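For reference, the chains in residue letters:
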Amino acid sequence: MQSPPVAVAVAAAQEAGAYLRENAANAAIVVTKGRGDFVTGLDLAVNDLVQERIGTAFPDHHFLSEELAARPLSEEPTWIVDPIDGTLNVANRFPMFTVSIALVERKRPVVGVVYDPLLDDLFVAEAGKGATWNGESITVRRDVAWHDALLGFDLGHNEPASSESMALAAALRPQVAGLRITGSAALALCYVAAGRLSGFFHHRLEPWDMAAALLIVQEAGGEYVAMNGSPVTSPQVGSVIAGNAAIVTKIREVERARRKT
Ligand code: IPD
Ligand code: CA
Ligand code: CA
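Right, let's walk through the structure included here. On a predicted model such as this, the values are computed, not experimentally measured, just so you know. (Residues numbered from 1 in each chain as written. Chains lettered and ligands numbered in written order. Predicted model: local features only at pLDDT ≥ 70, side-chain atom pairs only at ≥ 80, totals over all residues. Heavy atoms only, no water.)

**Some details on the pairing of strand β14 (residues 238–243)**
Condition: Exposed residues in this analysis have more than 50% of their type's maximum accessible area, buried residues have under 20%, and partly exposed residues fall in between, with area computed by a 1.4 Å probe over protein chains only. Only DSSP runs of H or I with at least four residues qualify as helices, and only runs of E with at least two residues qualify as strands; both kinds are numbered from the N terminus onward. Pairing between strands is defined by DSSP: at least two bridges between them are needed.
Among the six residues in β14, six count as buried, and that is most of the element. Relative to β14, strand β13 (residues 223–225) runs antiparallel, the two sharing three bridges. Paired with Tyr-224 across the strands is Ala-242, a residue of β14.

**Description of the coordination of the calcium ion (ligand 2)**
For clarity, the threshold we go by: The donor set covers N, O and S atoms within 2.8 Å of the metal, switching to 3.2 Å for Na, K and Ca, and it leaves out water, so a site may look short of donors.
Within the protein, the calcium ion (ligand 2) binds to Asp-82 (OD), Asp-85 (OD) and Asp-209 (OD); these donor distances fall in the range 2.1 to 2.2 Å. Here the donor residues of the calcium ion (ligand 2) share one chain and are spaced in sequence as D-x2-D-x123-D. We classify Asp-82 as buried; its relative accessible area is 0%. Classification of Asp-209 by relative accessible area gives buried; the value is 11%.

**Observations regarding the packing of aromatic side chains**
Heads up, the condition is: Two rings from Phe, Tyr or Trp (for Trp, the six-membered ring) form a pair when their centres sit within 6.5 Å of each other. Planes less than 30 degrees apart are called stacked, planes more than 60 degrees apart edge-to-face, and all others tilted. Lysine NZ or arginine CZ positioned within 6 Å of the ring centre and within 35 degrees of the ring normal marks a charge as sitting over the ring.
Counted under the stated rule, the structure contains four aromatic pairs. Through successive ring pairs, a cluster of aromatic residues spans Phe-123, Trp-133 and Tyr-191. Across from the ring centre of Tyr-191, 4.7 Å away, lies the NZ or CZ of Arg-196, which sits over that ring.

Written as structure tokens, this is what we have:
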């Protein structure tokens, strides 16, 4: 039996996903924030839909979203939502994007739901209760050798952070099996949780990119730290490395060595 917050988040993500399936082919850019950094009408429509569903179910909870004015994260129960993670993909009809919904209490994620509407892939986690992919329990891969690892990463819209990620990808490339960019950091992190990727790194994510997906990684038995090795205790702007403990350590070692040269 799903707890009320999980049930509400799953229903909102699936309803938003159905809307995106119907309308993704007609995404129109309404705001350009920077090169490759857009807001489409779909981002705003999904934001409104999810906010309405969550606000109706939990009128006392706070609501943070990429599409609303920034507010500091308080100790109060707060939903952190990315209506579309992968807007650059949507704007280009590139078929990879997700709806990401997290509930955070005392600044720690307690519910995480990430939904890929095109593959109908639903990732769900509740603190202390494990993670699922379409209802089946998932765990991060533990059996993969470093040279067989398939790692995800992404570049984002911040130039210095992007350059760091490109340089780390170049340093990793000769050591591992391959590297992938999905265009949705939340999706790539869920792929780590589900064993589709062995690890993931990013030099600058926003709270809504990671709030739901990091709980899903954690509940799937994975680990995550910032690039400098410090713990990521609450969703905030910053870097992240995720995977099983050995993969996280290896990526950190390569990052440290790269920075020394
Ligand atoms: C982006 C995606 C992408 C990451 C960017 C994010 P958006 O989110 O998560 O994978 O590299 O940094 O901004 O803008 O599509 O919601
Ligand atoms: Ca995002
Ligand atoms: Ca977004």
